[in-house]
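Listed below are the residues making up each chain.
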Amino acid sequence: SQTIHQWPATLVQPVGSPLSLECTVEGTSNPNLYWYRQAAGRGLQLLFYSVGIGQISSEVPQNLSASRPQDRQFILSSKKLLLSDSGFYLCAWSVAGQGGRPPLHFGNGTRLTVT
Amino acid sequence: AQSVAQPEDQVNVAEGNPLTVKCTYSVSGNPYLFWYVQYPNRGLQFLLKYITGDNLVKGSYGFEAEFNKSQTSFHLKKPSALVSDSALYFCAVRPGRDDSWGKFQFGAGTQVVVTP
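Residues numbered from 1 in each chain as written. Chains lettered and ligands numbered in written order. Predicted model: local features only at pLDDT ≥ 70, side-chain atom pairs only at ≥ 80, totals over all residues. Heavy atoms only, no water.

Summing up its helical and strand segments, chain A has zero helices and 11 strands in all. Mapped from its N terminus to its C terminus, chain A presents α and β elements in the order β-β-β-β-β-β-β-β-β-β-β. Taking 115 residues into account, the globule formula puts the C-alpha radius of gyration at 13 Å, and chain A, at 14 Å, falls close to it. Seen along its three principal axes, the alpha-carbon backbone of chain A occupies a region of about 40 × 25 × 20 Å. Taken across its 115 residues, chain A has 47% of its residues classed as buried. In chain A, of all internal contacts separated by at least 6 residues, the share reaching a separation of at least 24 is 55%. Split by element, the accessible area of chain A, about 5,100 Å² in all, is 52% carbon and sulfur. Taking the average location of the 8 positive side-chain charges in chain A and that of its 5 negative ones, the two points are 6 Å from each other. (Helix = DSSP H or I, 4+ residues; strand = E, 2+ residues; numbered from the N terminus. Rg over C-alpha atoms; globule rule 2.2 N^0.38 Å. Buried < 20%, exposed > 50% of the residue type's maximum accessible area, 1.4 Å probe, protein only. Contact = heavy atoms within 4.5 Å. Areas by Shrake-Rupley, 256 points an atom, 1.4 Å probe, with all protein chains shown as cover. Lys, Arg positive; Asp, Glu negative; His and termini not counted. Charge placed at Lys NZ, Arg CZ, Asp CG, Glu CD.)

Every contact between the two is made by 27 residues of chain B and, on the other side, 26 residues of chain A. Summed over both sides, the interface between chain B and chain A buries roughly 2,100 Å², with carbon and sulfur atoms accounting for 52% of that surface. For the pair chain B and chain A, the interface holds one salt bridge. A salt bridge links D9 of chain B to R42 of chain A; the nearest nitrogen and oxygen atoms lie 3.1 Å apart. Across the chain B-chain A interface, the total number found is eight residue pairs in polar contact (both at pLDDT 80 or more). (Buried area = accessible area lost by both parts, 1.4 Å probe. Salt bridge = Lys/Arg side-chain N within 4 Å of Asp/Glu carboxyl O. Polar contact = N/O pair within 3.5 Å; in protein donor to acceptor, adjacent residues only side chain to side chain.)

To continue, consider the nonpolar core. Counting 27 residues, the largest nonpolar core has L19, W35, L47, L48, F74, L76 and Y89 of chain B as the members making the most contacts within it. Considering each element in turn, this core owes the most residues, four residues, to strand β10 (residues 87-95) of chain B. Ranked by size, the runner-up nonpolar core spans 20 residues in total, among them Y36, L44 and F88 of chain A together with L88 of chain B. (Core = buried A, V, L, I, M, F, W, Y, C linked by side-chain atoms within 4.5 Å.)

Quick look at the packing of aromatic side chains now. This structure, assessed with the given rule, holds 16 aromatic pairs over all chains. Pairing F106 of chain A with F106 of chain B gives two aromatic rings, centres 6.3 Å apart and planes at 70 degrees, and the pair type is edge-to-face. Of this pair, F106 of chain A sits in strand β10 (residues 105-106) while F106 of chain B sits in strand β11 (residues 105-106), placing the two residues on different chains. Of the two residues examined, F106 of chain A and F106 of chain B, each falls in the buried class. Consider the rings of Y36 of chain B and F106 of chain B, whose centres lie 5.7 Å apart with planes at 50 degrees: the pair is tilted. Of this pair, Y36 of chain B sits in strand β5 (residues 31-38) while F106 of chain B sits in strand β11, placing them 70 residues apart in sequence. Judged by relative accessible area, Y36 of chain B falls into the buried class, the value being 0%. Members of the aromatic cluster, joined through ring pairs, are Y34, Y36 and F106 of chain A together with F34, Y36, F46, F90, F104 and F106 of chain B. (Phe/Tyr/Trp six-rings, centres within 6.5 Å; stacked < 30°, edge-to-face > 60°.)

Have a look at this one:
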C-alpha cells in the first residue's frame with residue numbers, strides 16, 4: 001500500500017532563517033506531488049505541484065521554492081523565512097496518468113511557526 | 001474557472017441525528033467531486049468521490065454523498081452522527097477531463113460539531 005511521510009511535524013524558526021521541509025511517498029511510482037499551505041486552520045492554498053523529477057510548477061509568487069530531486073521526494077524550501085510564512089504545510093500525492101479522477105492523499109502536515 | 005462553495009461555516013448536530021454538510025460547485029463540463037475530512041493537526045483524509053455513474057456515492061466511515069447535476073450540488077451525509085465525526089470537512093472539485101492534469105479547487109471547509 002502507498003504511504004506518504006512528511007517531516008518534521010512541528011518547526012519553530014526565526015525570521016530570516018532557511019527552511020527545508022521534506023516529503024516522501026512509498027509504494028507507488030511517478031506520482032503527482034503537491035505542496036499546500038493551510039492558513040488559520042481553513043483554506044487550502046496550492047503552492048507547488050510536480051508531475052515528474054525536476055518538473056515544478058508554482059502557483060503563487062512567494063518566498064518559497066520546491067524541488068523534486070527523486071521520483072518520490074518533494075522538498076519545500078526557503079532561503080529566508082518571513083513571519084507570513086507561518087502556517088500548516090501539507091504535502092500530497094495522486095496517481096499520475098488518470099487525469100482528474102484520482103483523489104489526493106495527504107501527509108500529516110508540518111506546523112511552521114516563524115518567530 | 002471552477003469554484004466550490006460550502007455555505008455553512010459550522011454545523012452542529014446531536015449524536016445519533018442525521019448529518020448533512022452542504023457543497024455546491026461551478027465547473028465547465030462534467031465535474032469530478034471529492035470530500036475530505038481533517039482532524040486537528042492532521043492532514044486531510046479522502047472520504048469519497050463522484051466521477052460518473054450512480055448519483056449516490058458511498059464512502060468511508062458510513063458517509064455518503066449525493067450528486068445533483070441540476071442543482072450543482074454534492075452534499076455529504078451520514079444517517080447517524082457520532083461524536084468522533086467532529087472534524088473539519090472539505091469539498092473539492094476538479095474538471096472532468098482525463099486528457100490532462102487538473103487542479104483541485106477546495107471549499108473553505110465546514111466545521112462539524114457532534115454533541116453527545
